[in-house]
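Report on the structure
These are the residues of each chain, in order.
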Amino acid sequence: MPETTTSETTAPAQSTPPESKKPAGAKKSKWQLFPGFSPWLVLGVFATAVVIRLVLALLSQGQNSNVTSHTNPELPYAELVEVAPGSSYFFTWGVTASPRTKEIARTSTDDRYGDTYSQSRQVLSTLQSDLSEVGLSLRDVVNVRAYIVGDDGEEPDFAAWNKAFMEFFGTWHNPHVPARTTLGITRLFNPDYRVEVEFVVAFPDGRGPFDEGSWFDKRHQRLSRTETSENWLSYGRPSWVMSTGKATAPGTDLFFSAQVRPAPLMPNAPPALQMFGTVDQQTASIFKEMSQTLQEAGLGYEDVFFVRTIVYPDPRTSIGHSFSSFNKTYGEFFNNDKNPNRPTRTLMSAPGLTGKKQYLSIEFYAAYPEAKEGDIRETVGEAGGLGTQGAVGGRGTRVSKDGRMLWLSGTIASTSAEEPLEAQLASALEGVERRLALAGATKEDITAVRAYLVYDSNAIQMQQEITAWEKFFQENLGEVNPAVTTLPVVSLPGGYRVELEVQAVIADE
């Protein structure tokens, strides 16, 4: 039936009530002395002020007393974040975009997952939801690591990622900003993915699943997860090969590994003649090396709660095959009848160390079954003793529950991006030392260093730059002996050639 309308000319006239008359001599209301001034306006302004005051009070109450951010007004992230000793952490998986998100479907241009900006917003929204399930919010985020892929061979769109990031952090409703590192990589598991992001988050006191009897404690009990450690709780669907997050218990000692690389098939061969075999052989070799690292640290695969895997392009096979090969071997060590542990993890591809014919590497984090009294930091392995894993650093670092952990943002040089690598390394280390000083720390307190070097397509030149970095490390950080990862990447913000990402630990005051 067609819609009927009434035109303005045929609408029935509305009767106007006669103006009411006041008796002569009636006293005027005080509000009538100020025509156009309404008491409701005053009440509205007063109510608005009360609401704003309540909102600000709630915002101040939402601050996490276990987290201290050292901010810089010129940066959208913190230079350094301190976390109080004994804090409970939440380590998330690497989150990528979902095609089911209607917002991305509406704004998608080149593919169904959307561009870098829309994927970044969706990924951050997903992580925000993951945090809410365990009693956390964006105010509790300590560290953010973002991996950005360029579109069809172009440079990664760092500006789009930054725009999305600033819509979630450093806003009026969430003034908190975490430490952050942003890297340009080759690709993610799905070639249409542009962004992968992982969070490290710290629980406030009295909140979360370790608060016995709380809503979050009861919720986790209903999940009926099979745990291989008393020092964490797992989240995510049981059918998935990984957890969406691992919450570590308060007062847990943590282990942060160095980069684990495959061993050569002939260890005694000169470096120029070393061979590492196929991706399948290298994957098996990496897990063998990982087993040795765990053994030296006094840990097992059941204690590992996070795995970060970088697969390098192998000209002899496809990236898809490399990912599949790793996943197959991964399943022999995790998420099986012998070891039902499902760590959180990230999986991606970067240029890596292909000049050495090595086609993948991993890092991992683990929780010690029992806390250890003594030093707040302990290096596992001797400096330079990694042999096949790398030329510098130890196998990993044990961080005591009694230490105050420091998470630094990725630091680039303050000099020109056109300066030689050696000059950029020196400037970046100066920046690291300046940031450490904000918390009263020095480079002697460093527990882990990740050096990201922009890939040079000339394999010989790339190897020379890696050698220059290793020499710089020995001269400036060799005595500190932290866990070290060296990773060539596609690009870094600002066009710089190197970025240093650092973790440290200091005694609590």
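Residues numbered from 1 in each chain as written. Predicted model: local features only at pLDDT ≥ 70, side-chain atom pairs only at ≥ 80, totals over all residues. Heavy atoms only, no water.

Turning to helix H3 (residues 116-132), a few remarks are in order. An α-helix turns once every 3.6 residues. As a result, residues three or four positions apart point the same way. Taking 1.5 Å per residue as the helical rise, H3 with its 17 residues ought to reach 24 Å, and the 24 Å between its terminal C-alpha atoms agrees with that figure. Turning to H3, its buried residues are Thr116, Ser118, Gln119, Ser120, Gln122, Val123, Leu124, Leu127, Asp130 and Leu131. (Helix = DSSP H or I, 4+ residues; strand = E, 2+ residues; numbered from the N terminus. Expected span 1.5 Å × (residues − 1). Buried < 20%, exposed > 50% of the residue type's maximum accessible area, 1.4 Å probe, protein only.)

Sheet architecture is open: 6 strands sit in the order S1-S2-S16-S19-S17-S18, paired in mixed fashion. If you trace the sheet from one side to the other, it starts and ends with strand S1 (67-70) and strand S18 (483-489), each paired once. This sheet shows a mean twist of 15° between the axes of neighbouring strands, independent of strand direction. In this structure, strand S2 (residues 80-83) lies alongside strand S16 (residues 403-408), joined through 4 bridges in antiparallel fashion. Each bridged residue has a counterpart across the sheet, and for Val83 the counterpart in S16 is Met405. With respect to the sheet, helix H8 (residues 421-437) is in contact with S2, S16, strand S17 (446-454) and strand S19 (498-507), its orientation differing from that of S19 by roughly 30°. Packed onto the sheet, helix H9 (residues 459-476) meets S17, S18 and S19 and runs at close to 155° relative to S17. (Pairing = 2+ DSSP bridges. Axes fitted to C-alpha atoms, helices over the stretch in contact; angles between N-to-C directions. Contact = heavy atoms within 4.5 Å.)

Under the counting rule described, the total for this entry stands at 21 salt bridges. The partner of Glu363 in a salt bridge is Arg450, with the nearest N and O atoms 2.9 Å apart. Of this pair, Glu363 sits in strand S13 (residues 360-367) while Arg450 sits in strand S17, and the two are 87 residues apart along the sequence. Taking the relative accessible area as the measure of exposure, Glu363 reaches 7% and is therefore buried. Judged by its relative accessible area of 2%, Arg450 is buried. (Salt bridge = Lys/Arg side-chain N within 4 Å of Asp/Glu carboxyl O.)

Before going further, it helps to examine empty space enclosed by the protein. Throughout the structure, instances matching the rule amount to 4 cavities of 30 Å³ or more. Size it by volume and the largest cavity reaches roughly 100 Å³. Around the largest cavity, the lining comprises 15 residues; the ones closest to its centre are Tyr89, Thr252, Ser400, Lys401 and Met405. Grouping the amino acids of the lining of the largest cavity by side-chain chemistry returns 7 nonpolar, 6 polar and 2 charged. Taken as a whole, the second largest cavity spans an internal volume of roughly 70 Å³. Of all elements in the fold, only strand S11 (304-311), S13 and S18 reach the threshold of two or more residues within the lining of the second largest cavity. Of all the elements, S13 adds the most residues to the lining of the second largest cavity, at 3 residues. The class makeup of the residues in the lining of the second largest cavity is 6 nonpolar, 3 polar and 2 charged. (1 Å grid on protein atoms, 1.4 Å probe; cavity = no way out; pocket = protein on both sides within 12 Å on 5 of 7 lines; lining within 4 Å. Points joined across faces, edges and corners; volume = space filled by probe spheres on them. Nonpolar A, V, L, I, M, F, W, Y, C, P; charged D, E, K, R; others polar.)

Moving on: the packing of aromatic side chains. How two aromatic rings sit relative to each other is given by the distance of their centres and the angle of their planes. Going through the model one piece at a time under the given rule, you end up with 27 aromatic pairs. Ring centres of Phe169 and Phe199 lie 6.2 Å apart, and the angle between their planes is 70°; this geometry places the pair in the edge-to-face category. Residue Phe169 is located in the loop between helix H4 (158-165) and strand S5 (179-185), and its partner Phe199 is located in strand S7 (residues 195-202); the two are separated by 30 residues in the primary sequence. Judged by relative accessible area, Phe199 falls into the buried class, the value being 1%. Note on Phe256 and Tyr365: the rings are 4.8 Å apart at their centroids and 65° apart in plane angle, and the pair reads as edge-to-face. Of this pair, Phe256 sits in strand S10 (residues 254-257) while Tyr365 sits in strand S13, placing them 109 residues apart in sequence. In terms of burial, Phe256 and Tyr365 fall into one category: buried. Geometry around Tyr117 places Lys163 over its ring, the cationic atom sitting 4.5 Å from the centre. Here Arg398 stacks its cationic end above the ring of Tyr368, 3.7 Å away from the centre of that ring. (Phe/Tyr/Trp six-rings, centres within 6.5 Å; stacked < 30°, edge-to-face > 60°. Lys NZ or Arg CZ within 6 Å of the ring centre and 35° of its normal.)

What follows covers the layout of surface pockets. There is about 820 Å³ of room inside the largest pocket. Around the largest pocket sit 33 residues that line it, and Trp93, Gly94, Thr96, Trp240 and Met242 are the ones nearest its centre. Mapped onto the lining of the largest pocket, the elements with two or more residues apiece are H3, helix H5 (215-223) and strand S12 (344-349). Ranked by residues supplied to the lining of the largest pocket, first place goes to H3 with 4 residues. Grouping the amino acids of the lining of the largest pocket by side-chain chemistry returns 15 nonpolar, 10 polar and 8 charged.

For the pair H3 and H4, the least separation of the axes is 8 Å and the interaxial angle reads 35°. Judged by the twist between their axes, the crossing of H3 over H4 is right-handed. On the side of H3, the interface is formed by Thr116, Tyr117, Ser120, Arg121 and Leu124, while H4 contributes Ala160, Trp161, Lys163, Ala164 and Phe165. (Left-handed = near helix turned anticlockwise from the far one by under 90°.)

Bringing the nonpolar core into the picture now. Within the largest apolar cluster, 52 residues are counted, with the highest numbers of intra-cluster contacts made by Tyr89, Phe90, Val197, Phe199 and Trp407. Among the elements that line this core, the one with the most residues is S7, at 6 residues. Dropping the residues within four chain positions of it, Phe90 is found in contact with Leu131, Val134, Leu136, Phe199, Val200, Val201, Phe203, Tyr235, Gly245, Lys246 and Ala247. (Core = buried A, V, L, I, M, F, W, Y, C linked by side-chain atoms within 4.5 Å.)

Our next topic: the pairing of S5. Counted residue by residue, S5 has 7 buried out of 7 residues, so it is predominantly covered. Note that strand S4 (residues 141-149) and S5 share 7 bridges and pair parallel. Paired with Ile148 across the two strands is Gly184, which belongs to S5. At this point the chain moves from S4, through H4, to the parallel S5, and the crossover so formed is right-handed. (Right-handed = clockwise from strand over helix to strand, strands pointing away.)

With that settled, the discussion passes to the confidence of the model for the protein. For the protein, mean pLDDT is 85; residues scoring 70 or higher make up 82% of the total. Every residue in residues 52-61 scores below 50 in pLDDT, and together they form 4 contacts with partners more than four places removed in sequence or on other chains. Here residues 383-389 is a poorly scored stretch, pLDDT under 50, and it has 21 contacts once near neighbours within four places are set aside; other chains count. (pLDDT = per-residue confidence, 0-100.)

Compared with the 27 Å implied by 1.5 Å per residue over 19 residues, the 27 Å span of helix H6 (residues 279-297) between its first and last C-alpha is a close match. Residues of H6 that are buried make contact with S10, S11, helix H7 (319-330), S13 and strand S14 (377-380). Directly beyond the C-terminal end of H6, a positive phi value near 75° is found at Gly298.

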